[in-house]
Amino acid sequence: MLNRITVGLDGSSAGLAAADWAAHEAELRGAALELVHAEDWAQYGPFAVPLPEPRQQWAEDLLSHTRDRLLRDHGTLDISTRGTEGLSAFKVLASAASDADLLVLGSRGLGSVTGFIVGSTGSATIPETETPVVLVRSVDGHDRPPVNADDAGPVVLGVDPRSNCDRLLSFACEEADRRSCPLVVVHGWSLPPVFSYAPTLDPGVEKEMADRLETTLRELLSPWERKYPQLSVDARLVIGQPAIQILDAASGAALVVVGRRIRRPALGARIGPVTHAVMHHATSPVAVVAHD
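Residues numbered from 1 in each chain as written. Predicted model: local features only at pLDDT ≥ 70, side-chain atom pairs only at ≥ 80, totals over all residues. Heavy atoms only, no water.

Moving on: the side chain of His291. In this fold, His291 is placed in strand S11 (residues 286–291). A polar atom in the side chain of His291 sits 3.3 Å from the backbone oxygen of Asn164. Setting aside residues no more than four positions away along its own chain, His291 makes contact with Ser163, Asn164, Arg167, Leu168, Gly259, Arg260, Arg261 and Ile262. (Helix = DSSP H or I, 4+ residues; strand = E, 2+ residues; numbered from the N terminus. Polar contact = N/O pair within 3.5 Å; in protein donor to acceptor, adjacent residues only side chain to side chain. Contact = heavy atoms within 4.5 Å.)

Here the focus is the environment of His37. Counting through the fold element by element, His37 comes out in strand S2 (residues 32–40). We classify His37 as buried; its relative accessible area is 3%. Once the C-alpha coordinates of His37 and Arg82 are considered, the two residues, 45 residues apart in sequence, prove to be 6.5 Å apart. Those residues in contact with His37, other than ones at most four positions away along the chain, are Leu9, Asp10, Trp58, Ala59, Leu62, Leu63, Arg82, Gly83 and Thr84. A distance of 2.8 Å separates a polar atom in the side chain of His37 from the backbone oxygen of Leu9. (Buried < 20%, exposed > 50% of the residue type's maximum accessible area, 1.4 Å probe, protein only.)

Helix length check: helix H1 (residues 13–29) (17 residues) gives 24 Å between terminal C-alpha atoms against 24 Å at 1.5 Å per residue, within 8%. Burial of H1 is extensive: 14 of the 17 residues sit out of reach of the surface. Within two residues after H1, Gly30 carries a phi angle of roughly 65°, on the positive side. (Expected span 1.5 Å × (residues − 1).)

Applying the stated criterion to the full structure yields 16 salt bridges. Between Glu130 and Arg167 there is a salt bridge; the shortest N-O distance is 3.9 Å. Taken together, the residues span a long stretch of sequence, with Glu130 in the loop between helix H4 (120–125) and strand S6 (133–137) and Arg167 in helix H5 (residues 166–179) at a distance of 37 residues. For Glu130, a relative accessible area of 38% puts it in the partly exposed group. Judged by its relative accessible area of 38%, Arg167 falls in the partly exposed class. The salt bridge involving Arg212 is made with Glu208; its shortest N-O contact spans 2.6 Å. Placement of the pair is Arg212 and Glu208 together in helix H7 (residues 204–227), with a separation of 4 residues, close to one helical turn. Judged by its relative accessible area of 55%, Arg212 is exposed. (Salt bridge = Lys/Arg side-chain N within 4 Å of Asp/Glu carboxyl O.)

Read these as spatial facts, not as claims about activity.
Written out as structure tokens, the structure is:
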């Protein structure tokens, strides 16, 4: 890693909001910032042809103007730019992120409909890289991230204690520590279908399972609490669909952290349903962290 944050620009308000968030994050980390604009030739016609000169000039202007704007607000940052052309923008972004600490992308709101559009490029890029990817939303079409996107709320982490959570916990603890904000760890659960009638027959079954899960969660968090003794950790074991519980806790969060298992299936990698739901409905920036 080169202690660098890479942000993808496409000229949208969400992309500009992502650049603002990335600049703030780079300052927190003492990292360099790289602005990348990846053109996908295929979206301009049925043939793979180089872009026309006006489009190339537009891309160059986008990078230079964004860099100038960020330097006005973050004068000490080391900001570089890179413009590329190719057949797959998501592959270009994934390649640019390969030696970065973080890749930041924008996503836009659905207007009157609840939710956000991550976009085909963002959705395709996430499974292509093991670098953490942060999705930043613009608000009402403005080119600034949400007002809570800096440090006004906690870092919220969704975990499944049955998985290897080390990468997720490391990332979330570091982000909360940088911001000097609390870390909220959420695990949503429900009784397996085979136990659906058990609470009626034996009210102690649900409590027994909850106690076991709470013990597992505390054991999972214990070494991280020792590593970050100054960090306030709020562990929440809640009954209900995991995505809904994470989204409920994420209201007003500085950052939401969810995981994606590293898989290499024959038909291509995919994003799990919980992470997919959080990506498309959380209003705070969402970090997707790949893990084993």
